Amino acid sequence: MKIVILGAGAIGCYLGAALKAGGLAPTLIARPRVIADIHQAGGLTISDYQEEQWQVGTPDMTDSNEALADADIVLLTVKCLAVEESAQLLHQYCNAGTLVLCLQNGLGSDAIIKRICPTLNIVRGIVGFNVAPLGEGRFHRGTEGAIYCEPNDTIRAALTSAFAKTNIQLLSNSDYEAIVWAKLQLNLNNAINALSGLPLKTELEHAGYRRILSAAMTELLVVAKAKNLNLPKLTRLPARWLPPLMNFPDWLFKKLAASMLAIDPQARSSMWEDLHLGRLTEVEYLNGAVVKAASKLGIDAPVNAALCTLIHQVEHHQRHEGLSSSEIEKAIKKEKKKIEQKKGR
């Protein structure tokens, strides 16, 4: 089968290299600068937090979207904000019935593709781990996690064994909506990490930031319960146990959450990278998705709303990244007060 990765940035290059290491021959559609970097380096090298490394040479790479015309399976690895533009390309070049595995974090972007591409076979998916570009064709997976997707026999048969060669699990579940919300619960930390400006491991070892994450997670669990979703266990602990765990003292948290802290010391969230490079973020598809779902149910979500506001302020240069936990909590209190004032009217 012809596999094409559209939007081969950090995640796309990592997955492309993994598939090549697994014996497949994917075509990566990437920006010219990414292609030039990989060719100059003599190919792709990927590594993971377990200190394993794979050198896979130079894959088939192009900056031409015409490669989509030959695709049987497309892995869409762009950020949520680029989904609409990518959907137009899929609609223009792909044949009817082409399988498109949409690997975006958060909620809502798949609806855009389904609207623009009614003749394509859209399968929702999530990459559950962090990837950092290190330059010179090197990409590093800094955290544990699997790829989750809606059930699809063709995708499972084509990709599962190839991904397994580089320790990547491809898992599917009929209750995918619950998986999306369980993964979203973990991704609520992306905004906190971006605002802190710290590596993920350092941020999670700080009780103040964990206290904020606990409150954001609790809001999500309230929404999930109202939606009658039974969130699956994506970490070693059930979803409902994560907020209390975040509130444990530092010494106890480090002891009980050792696997959660098995992160590369320099790994950061992709949202931190976006803020650091002056790009717009996916916060509305993450924390913003909780706020929107809560609003439809008549539920307040001031913590996630405040995190969205802070991220947007940094995006528009009204604040600098590197906020302390107390500064973030001050913004949350302000958001709660605003909600109370609206109710008092």
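Here the structure is a predicted model, which is why all the values come from computation and not from measurement.

Evaluation of the coordinates by the stated rule reveals 14 salt bridges. Residues Glu177 and Arg124 are paired through a salt bridge, measuring 3.2 Å at the closest nitrogen-oxygen approach. Remark: Arg124 occurs in strand S8 (residues 121-127) and Glu177 occurs in helix H6 (residues 176-187); sequence separation between them is 53 residues. Between Arg210 and Asp250 there is a salt bridge whose closest N-O contact spans 2.9 Å. Of this pair, Arg210 sits in helix H9 (residues 207-226) while Asp250 sits in helix H11 (residues 250-256); the two residues are 40 residues apart in sequence, bridging distant segments of the chain. Overall, Arg210 belongs to the buried group, its relative accessible area being 0%.

This paragraph deals with the nonpolar core. By size, the foremost hydrophobic cluster in this structure holds 58 residues, and its most contacted members are Trp181, Leu184, Leu231, Leu307 and Ile328. Considering each element in turn, this core owes the most residues, 9 residues, to H9. Beyond its immediate stretch of four places on either side in the chain, Trp181 contacts Leu107, Leu220, Val223, Lys227, Leu229, Leu231, Ala289, Val290 and Ala293. Listed in part, the 38 residues of the second largest apolar core include Ile3, Trp54, Ile73 and Phe139.

Counted under the stated rule, the structure contains 1 cavity of 30 Å³ or more. In this structure, the largest cavity spans a volume of roughly 40 Å³. In terms of lining, the largest cavity is formed by Ala182, Gln185, Leu186, Pro232, Lys233, Leu234, Thr235, Leu237, Pro238, Ala239 and Leu242. The element contributing the most residues to the lining of the largest cavity is H6, with 3 residues. Looking at side-chain class alone, the lining of the largest cavity contains 8 nonpolar, 2 polar and 1 charged residues.

Analysis parameters
- Residues numbered from 1 in each chain as written.
- Predicted model: local features only at pLDDT ≥ 70, side-chain atom pairs only at ≥ 80, totals over all residues.
- Heavy atoms only, no water.
- Salt bridge = Lys/Arg side-chain N within 4 Å of Asp/Glu carboxyl O.
- Helix = DSSP H or I, 4+ residues; strand = E, 2+ residues; numbered from the N terminus.
- Buried < 20%, exposed > 50% of the residue type's maximum accessible area, 1.4 Å probe, protein only.
- Core = buried A, V, L, I, M, F, W, Y, C linked by side-chain atoms within 4.5 Å.
- Contact = heavy atoms within 4.5 Å.
- 1 Å grid on protein atoms, 1.4 Å probe; cavity = no way out; pocket = protein on both sides within 12 Å on 5 of 7 lines; lining within 4 Å.
- Points joined across faces, edges and corners; volume = space filled by probe spheres on them.
- Nonpolar A, V, L, I, M, F, W, Y, C, P; charged D, E, K, R; others polar.

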